[in-house]
Amino acid sequence: MTGTHPTNVVLITVDSLRADAIDPYADGGHTPTLQRLADRGTVFEHAFATGNWTPFSFPGLLASRPVFADSGTIGVTESETLAETLAGAGIRAGGFNAANGFLTDHWGYDSGFDEFESFVADAGSFYGQYLAAHPTVEAWLQLASAPVRRLVSRARGGDDDRPFMDASRMVDVEHRARAFIEDRQEPFFLWIHYMDTHTPYAPAPRHFREVSSSTLGTPQMILAHARAGLGREVGDRTLSDLRTLYRATVRQVDASIERVLGTLADSGLRDETAIVVAGDHGEEFQDHGHLAHYPKLYDELIHVPLLIDAPGTEPGRVEGAVGLDAVPPTVCDLFGVAPPDSWSGTSLVDALGGAELDDEPVVSVTVRGEEVTQQPIPRDLADGELLVSARTAAWTYIENAETGERELYHRPSDPTQQRDLSVDPSREQAAAIDRLRPSVTSRIGLLDGTSADNGMTEPDGELEARLEALGYR
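Residues numbered from 1 in each chain as written. Predicted model: local features only at pLDDT ≥ 70, side-chain atom pairs only at ≥ 80, totals over all residues. Heavy atoms only, no water.

Q: Even after reading the chapter, I still don't get the nonpolar core, so can you show me in this structure?
A: Among soluble globular proteins, nonpolar side chains are generally buried collectively. Core analysis: the largest hydrophobic core is formed by 66 residues, its most contacted members being Phe44, Phe56, Leu86, Phe189 and Leu306. Ignoring sequence-local partners within four residues, the contact set of Leu306 consists of Tyr25, Thr42, Val43, Phe44, Ala47, Val276, Val277, Ala278, Val322, Val327 and Leu348. Grouped together as the second largest cluster of nonpolar side chains are 46 residues, Leu37, Met195, Tyr246 and Val277 included. (Core = buried A, V, L, I, M, F, W, Y, C linked by side-chain atoms within 4.5 Å. Buried < 20%, exposed > 50% of the residue type's maximum accessible area, 1.4 Å probe, protein only. Contact = heavy atoms within 4.5 Å.)

Written as structure tokens, this is what we have:
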């Protein structure tokens, strides 16, 4: 990388954000802010999450460690986190998570932060407990109230670009993040995690109108969620409605990021601050038969955006495969701080200066119970069968560690990964398996015998209520 180290770094993670949902990766994403970041920064074309769920991905994103590797369970209580490493170098850190119950102090994610808020306390209230038992109610109320809110907002001379009931806690997170920036104690590291794109999708009316020409709006969206939530058959019309609603939440996040960047600019910090944006995993819209993000390792859940806009670098696009466990060492490198030896990822700073990546395989994991749709999310390896994948820019190899079943896909010729090439492979396909399988075998060996008996207590009722409110029963 050319130029000097940035004074500050802002890491923005977006829950359930698949790569093709934003403009830098596909046209029509309605994300002008992220496109501007891409135009002045680096786009990693083949960035992959290390798991299909938040608790499987974030040990890599904030601690550069494989999930289960240190404690046998989800979380980073036994790992040295990015914020802890930066704190040791005297860098002030703030972390604000929009009420994802898997990213709280219980799982160790507060470690090293000077300011940390996960916005889950309200789950213990009477209203919060009701929402935990009826997880889509708040989003439905938000959608149903949209026409009234629009009239009230116009009567007051305002706009309707923010959620009325803020089911995603976007307003809270944005407010705290902007206040942290305005406090201006440099150098600083700021982490913001958005939940708007996590189901149920409940965008503000303005953003729905920005991505849709529909005149039915709210009723259409409520019906789509009702059909999906009640387990009804999801036809083409309902699927299209859900995709539209998802796109609107992506636009909502993009608008919030624009306001955060505006605060950086107003504070005179924009040109000395590096911005990193990543999805923690993707989202499925029946690409392989389901909605949301069940235990699978296909691209709709694993291929995520990764954008880095760092001062002193030229714009560019990087082709080699990268894993999200590269984010912590990259942030450290931007600050000029040495990363811990225990971290598994490698800094991407050289790639920001135009260096080519080696396209080393990126490993991702999930744990599947007896049914693909089985809940709750597994919290240790004993909760199901371990599935491990390895990817390069062109190939995906998936193996079931319990049964030995395997799959192989060539993504350039089969971007939706529908043609399994593992049976009777050609010479080229066999060579791909030979290259990728050692990474899978190595990860299986690393996790073999890890135990969840690390003294971690079960989450309290308040935290469990918030997890239920997200649909993680």
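Moving on, there is more to tell.
Q: What's the story with the pairing of strand β13 (residues 385-391) in this structure? I'm lost.
A: The two faces of the sheet receive side chains in turn, since in a regular strand these alternate between them. β13 sits mainly inside the fold: 6 of its 7 residues count as buried. Pairing analysis gives 7 bridges linking strand β12 (residues 362-368) to β13, with the strands arranged antiparallel. Within the sheet, the bridge partner assigned to Val365 lies in β13 and is Val388. Where β13 and strand β14 (residues 395-400) come together, 5 bridges link them in antiparallel fashion. Bridge pairing in β14 links Ala390 to Tyr397. Taking the residues that link successive antiparallel strands as the turn, the β13-β14 hairpin has 3 residues. (Helix = DSSP H or I, 4+ residues; strand = E, 2+ residues; numbered from the N terminus. Pairing = 2+ DSSP bridges.)

Q: So what exactly am I meant to see when it comes to the environment of Leu190 here?
A: Residue position: Leu190 is located in strand β5 (residues 188-194). Here the alpha-carbon distance between Leu190 and Glu115, two residues 75 residues apart in the chain, equals 9.5 Å. Filtering out sequence-adjacent residues up to four positions away, Leu190 remains in contact with Val9, Val10, Leu11, Gly94, Phe96, Ala177, Phe180 and Ile181.

Q: Would you mind showing me how to read the packing of aromatic side chains here?
A: For any two aromatic rings, the description comes down to two numbers: the centre-to-centre distance and the angle of the planes. Under the counting rule described, the total for this entry stands at 14 aromatic pairs. When the ring of Phe96 is compared with that of Phe180, the centres are 6.1 Å apart and the planes differ by 70 degrees; the resulting orientation is edge-to-face. Residue Phe96 is located in strand β3 (residues 92-97), and its partner Phe180 is located in helix α7 (residues 170-183); the two are separated by 84 residues in the primary sequence. Look at Phe96 and you get buried, because its relative accessible area is 0%. (Phe/Tyr/Trp six-rings, centres within 6.5 Å; stacked < 30°, edge-to-face > 60°.)

Q: So what exactly am I meant to see when it comes to unusual backbone geometry here?
A: Backbone phi values are negative for most residues with the exception of glycine, while trans is the configuration of most peptide bonds. A cis amide bond links Glu186 to the next residue, Pro187, at an omega of -5 degrees. Relative to the assigned elements, Pro187 resides in the loop between α7 and β5. Notably, Ser64 is not glycine yet its phi reads approximately 50 degrees, a positive angle. Along the chain, the position of Ser64 falls in the loop between α2 (54-63) and α3 (82-88).

Q: What is the right way to look at the layout of surface pockets in this model?
A: Rolled over the atoms, a probe as big as a water molecule pinpoints where empty space is left. Counted as a void, the second largest pocket has a volume near 580 Å³. Its residues placed into classes, the lining of the second largest pocket shows 10 nonpolar, 8 polar and 7 charged. (1 Å grid on protein atoms, 1.4 Å probe; cavity = no way out; pocket = protein on both sides within 12 Å on 5 of 7 lines; lining within 4 Å. Points joined across faces, edges and corners; volume = space filled by probe spheres on them. Nonpolar A, V, L, I, M, F, W, Y, C, P; charged D, E, K, R; others polar.)

Q: Would you take a moment to explain the sheet that holds β14 for this structure?
A: Strand order in the open sheet formed by 4 strands is β12-β13-β14-β15, with antiparallel pairing between adjacent strands. A strand with exactly one partner marks an edge of an open sheet, and here the two such strands are β12 and β15 (406-410). Averaged over all pairs of adjacent strands, the angle between their axes in this sheet comes to 15 degrees, without regard to strand direction. Docked against the sheet, helix α14 (residues 427-447) engages β12, β13, β14 and β15, running at close to 45 degrees with respect to β14. (Axes fitted to C-alpha atoms, helices over the stretch in contact; angles between N-to-C directions.)

Q: Please explain helix α1 (residues 32-40) as it appears in this structure.
A: Within an α-helix, residues lying three or four positions from one another point in the same direction, as the helix has 3.6 residues per turn. Three or more residues of α1 are buried, namely Thr33, Leu34, Leu37 and Ala38. Across the axial projection of α1, the buried residues extend over an arc of 140 degrees, all falling on one side. (Arc of directions from axis to C-beta.)

Q: I'm lost on the side chain of Asp280 in this one. Help?
A: Inspection of the secondary structure assignment puts Asp280 in the loop between β6 (273-279) and β7 (284-285). Among buried Asp, Glu, Lys and Arg side chains, Asp280 stands out as unpaired, with Arg18 the closest opposite charge at 12 Å. A polar contact of 3.0 Å, which involves the side chain of Asp280, links it to the backbone nitrogen of Ser16. Only 2.6 Å separates the side chain of Asp280 from the side chain of Thr54, close enough to count as a polar contact. What Asp280 contacts, discounting residues up to four positions off in sequence, is Val14, Asp15, Ser16, Ala49, Gly51, Thr54, Ser57, Phe58, Leu61, His193, Val304 and Leu324. (Lys, Arg positive; Asp, Glu negative; His and termini not counted. Salt bridge = Lys/Arg side-chain N within 4 Å of Asp/Glu carboxyl O. Polar contact = N/O pair within 3.5 Å; in protein donor to acceptor, adjacent residues only side chain to side chain.)

Q: Would you mind going over the environment of Pro361 with me for this structure?
A: Here Pro361 shows up in the loop between α13 (349-352) and β12. Along the sequence, Pro361 and Ala321 sit 40 residues apart, while their C-alpha atoms lie 6.9 Å from each other. If we skip the residues at most four places from it in the chain, Pro361 touches Ala390, Arg391, Thr392, Arg435, Leu436 and Ser439.

Q: Looking at this structure, how should I read α7?
A: Counted at 1.5 Å a residue, the expected span for α7 with its 14 residues is 20 Å, and the 20 Å between its end C-alpha atoms agrees. The complete set of buried residues in α7 reads Met170, Val173, Glu174, Ala177, Phe180 and Ile181. The arc that holds every buried residue of α7, seen down its axis, measures 125 degrees, which confines them to one face. Downstream of α7 by a residue or two, Arg184 has a phi angle that is positive, lying close to 55 degrees. (Expected span 1.5 Å × (residues − 1).)

Q: Where do I start with the pattern of salt bridges in this structure?
A: It is possible for side chains of opposite charge to pair when their charged atoms get near one another. Under the counting rule described, the total for this entry stands at 20 salt bridges. Among the ionic pairs, Asp254 bridges to Arg251, the shortest N-O distance being 3.0 Å. Placement of both Asp254 and Arg251 in helix α10 (residues 236-266) is noted, with a separation of 3 residues, approximately one turn of the helix. Each member of the pair, Asp254 as well as Arg251, carries the same accessibility label: buried. One salt bridge connects Arg437 with Glu399, and the closest N-O pair in it is separated by 2.9 Å. Here Arg437, found in helix α14, pairs with Glu399, found in strand β14; they are 38 residues apart in sequence, far enough to count as distant. A relative accessible area of 7% places Glu399 in the buried class. Sharing partners across several salt bridges, the network here consists of Arg92, Glu115, Arg176 and Asp183.

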